[in-house]
Structures are given as C-alpha cells and as structure tokens.
Amino acid sequence: MEYQIAADSLKNRVILVTGAGDGIGRQAALSYAAHGATVILLGRTVAKLEAVYDEIETLGYPQPAIIPLDLKGATKKNYIDMVETISDQFGRLDGVLHNAGLLGVLSPFDQLDEGSFDDVMQVNVKAQMLLTQAVLPLLKQADDARLVFTTSTVGHVGRAFWGSYAISKFATEGMMQVLADELSNTHVRVNAINPGGTRTGMRAQAFPAEDSSLLKTPLDIMPLYLFLMAPESKDVNGQCIDAQPKH
C-alpha cells in the first residue's frame, strides 16, 4: 500500500520519539520534522541526540528538544517529570513513537539469562507502559493524537532462539491492542509498526553475517511512520502494520 500525506501534515504537532539517536528513531525524527513537527528527541546517548538536533536545525526545520533518559534505569517519577517539562515547554503533545528497544541475547530458551531477560522486559515493555501512562493526559488533550509502538515479525509468530525479544514484542502488541480498545472513543489512535529487516545497528547485532546492502534503509520505510502520525490515519486504530509487507 502507498502511504501518502500532505507535505505539511505534521505542522504545529509536537511528537516524542524514543531511541531518537540513531537508526529508525533518528530517521523518524528527521522525517517528522521535515513535515512540520516539533520533535522531542529521547535517548540515552546525549552526543547522538545532539547530532540529530543539529541536523534538524541545519535543515531549517522546527527547533527540536532533547530529553536524555536511559529507559533501563528510568523510574515512574522520571516519566512524570518528563511530561511536566514537555507541558511547560510546549503546552501540548500530539504523538509518541515508541521506537527504543533492546535486542538482548539470542539463545535457546533453557539458557535464557535472567538478567538479560529483565533488561529486555524493562526497556521493551515496562518502560513503554510507564511512559505511556505519563503521556496519556497530554495526548488526550490533543485534538488528534497518535501513539505508535514498534513490534517485530517475531512478535506475531514466535521463533526459536528469539526468546526474550519475541516475548517482549508479543507483550508490546498486546499493550497496543489494550490501549487502542480503551481509547477507541477518544481522539487518540494507537497502532504498531513492524519495520521488517532494516539496515540498523540492532539488525546487524542479530544477523552479523547478513549483507546489509540488501536491506531497506530506515528512510525507505518512513511513509508508514509518517502516515500513522498524520491526520490522514484518523480512522486507523488497533492495527499492527508491516512496513515491508510480503508480496
């Protein structure tokens, strides 16, 4: 399907992107800014966030903001404080892209490491729950808000050796569906994107021997990311959409 939105579809919108320092998060931040959004860049590595900030500024897009936060160690209070800052600075929030994620260790199920499992669940599930709880009041105040989660093919159908990550993505899809149902009578639309095999650091970590030049780039899959954040997707709710559908 061809996803198309107007060039200024995201004008005056404030959008929070987690994991905005590199990969898909970085590209989503740039693409949202290019369509008029004020982007809030959340991530754990300040230098990477600053580089994306500078790129957005250099291109003449709306001035972004930076929130340094490590989802692995963040507490409920960190998210509440973050939302207060967003509210004070911008007075609104129109969209959140939950993009940050942790791959963990690929291993047989009987060898799953408890510490690694806890880290993956913390970043991919619990942090998203706490962040979403914190931002919901602001999103509900918006006329047309979006909450977009990131899933994976192994979040639809479990696959050997993908234990922690697959389980976390099944949980992510469940969280998205629960929220979409609860918020169906509001102006908040909740969906999930499965990016598919994309040229990112996480993909290289999972498939070190793969020829990455054969993969789509983050830019290639942006039409869906833009569509689900834009007014054009106001009738889409509770969907898990593949950015690279199998033909």
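Residues numbered from 1 in each chain as written. Predicted model: local features only at pLDDT ≥ 70, side-chain atom pairs only at ≥ 80, totals over all residues. Heavy atoms only, no water.

Re the overall build of the protein chain
Along the protein chain, the regular secondary structure elements total seven helices and seven strands. Its C-alpha atoms give the protein chain a radius of gyration of 17 Å, within 12% of the compact-globule value 18 Å for 247 residues. Its C-alpha atoms give the protein chain principal-axis dimensions of about 50 × 40 × 40 Å. Per-residue burial over the protein chain gives 49% buried out of 247 residues. Sequence separation of 24 or more characterises 73% of the internal contacts of the protein chain that already satisfy a separation of 6 or more. For the protein chain, the centre of its 20 positive side-chain charges and the centre of its 28 negative side-chain charges are spaced 2 Å apart. (Helix = DSSP H or I, 4+ residues; strand = E, 2+ residues; numbered from the N terminus. Rg over C-alpha atoms; globule rule 2.2 N^0.38 Å. Buried < 20%, exposed > 50% of the residue type's maximum accessible area, 1.4 Å probe, protein only. Contact = heavy atoms within 4.5 Å. Lys, Arg positive; Asp, Glu negative; His and termini not counted. Charge placed at Lys NZ, Arg CZ, Asp CG, Glu CD.)

As for the packing of aromatic side chains
Two aromatic rings are characterised by how far apart their centres lie and by the angle between their planes. Tallied over the entire structure, the rule returns three aromatic pairs. Between Y3 and F227, the aromatic rings sit 5.1 Å apart at their centres with planes inclined by 35 degrees, giving tilted as the arrangement. Pair noted here: Y3 is in the segment before β1 (14-18) and F227 is in helix α7 (residues 222-229), with a separation of 224 residues, a long-range link. For the pair shown, Y3 and F227 are each scored as buried. In textbook terms, an aromatic cluster arises when at least three aromatic residues are bridged by ring pairs, as seen for W162, Y165 and F207. Positioned over the ring face of W162 is R159, at 5.8 Å from the centre of the ring. (Phe/Tyr/Trp six-rings, centres within 6.5 Å; stacked < 30°, edge-to-face > 60°. Lys NZ or Arg CZ within 6 Å of the ring centre and 35° of its normal.)

Structural notes on the sheet that holds strand β4 (residues 95-97)
Ordered by their spatial adjacency, seven strands build an open sheet running β3-β2-β1-β4-β5-β6-β7, and the pairing between neighbours is parallel. Each having just a single partner strand, β3 (65-68) and β7 (240-242) make up the two edges of the open sheet. Going from strand to strand, the sheet's axes swing by 20 degrees on average, the running direction of each strand aside. Taken together, the four bridges between strand β2 (residues 38-43) and β3 define a ladder with parallel strand orientation. Considered in β3, the bridge of L42 is made with I67. Here helix α4 (residues 114-141) sits on the sheet and contacts β1, β2, β4, β5 (145-150) and β6 (188-194); the angle it forms with β5, its principal contact strand, is near 165 degrees. (Pairing = 2+ DSSP bridges. Axes fitted to C-alpha atoms, helices over the stretch in contact; angles between N-to-C directions.)

What to know about the packing of helix α1 (residues 23-34) against helix α2 (residues 46-58)
Axis separation between α1 and α2 bottoms out at 10 Å; the angle between their running directions is 25 degrees. By the criterion of interaxial angle, the relationship of α1 to α2 is roughly parallel. Between α1 and α2 lies a crossing whose hand is right-handed. Listed contacts from α2 to R26, A29, L30 and A33 of α1 are V52, E55 and I56. (Parallel < 35°, antiparallel > 145°, perpendicular 65-115°, else oblique. Left-handed = near helix turned anticlockwise from the far one by under 90°.)

Section: the packing of α1 against α7
Their axes nearest at 10 Å, the elements α1 and α7 cross at an angle of 55 degrees. Accordingly, the angle class assigned to the pair α1 and α7 is oblique. Relative to α7, the crossing made by α1 is right-handed. Taking contact as the criterion, the partners of I24, Q27, A28, S31 and Y32 in α1 are, on α7, M222, Y225, L226 and M229. Of the residues in the contact of α1 with α7, the class split is seven nonpolar, two polar and no charged. (Nonpolar A, V, L, I, M, F, W, Y, C, P; charged D, E, K, R; others polar.)

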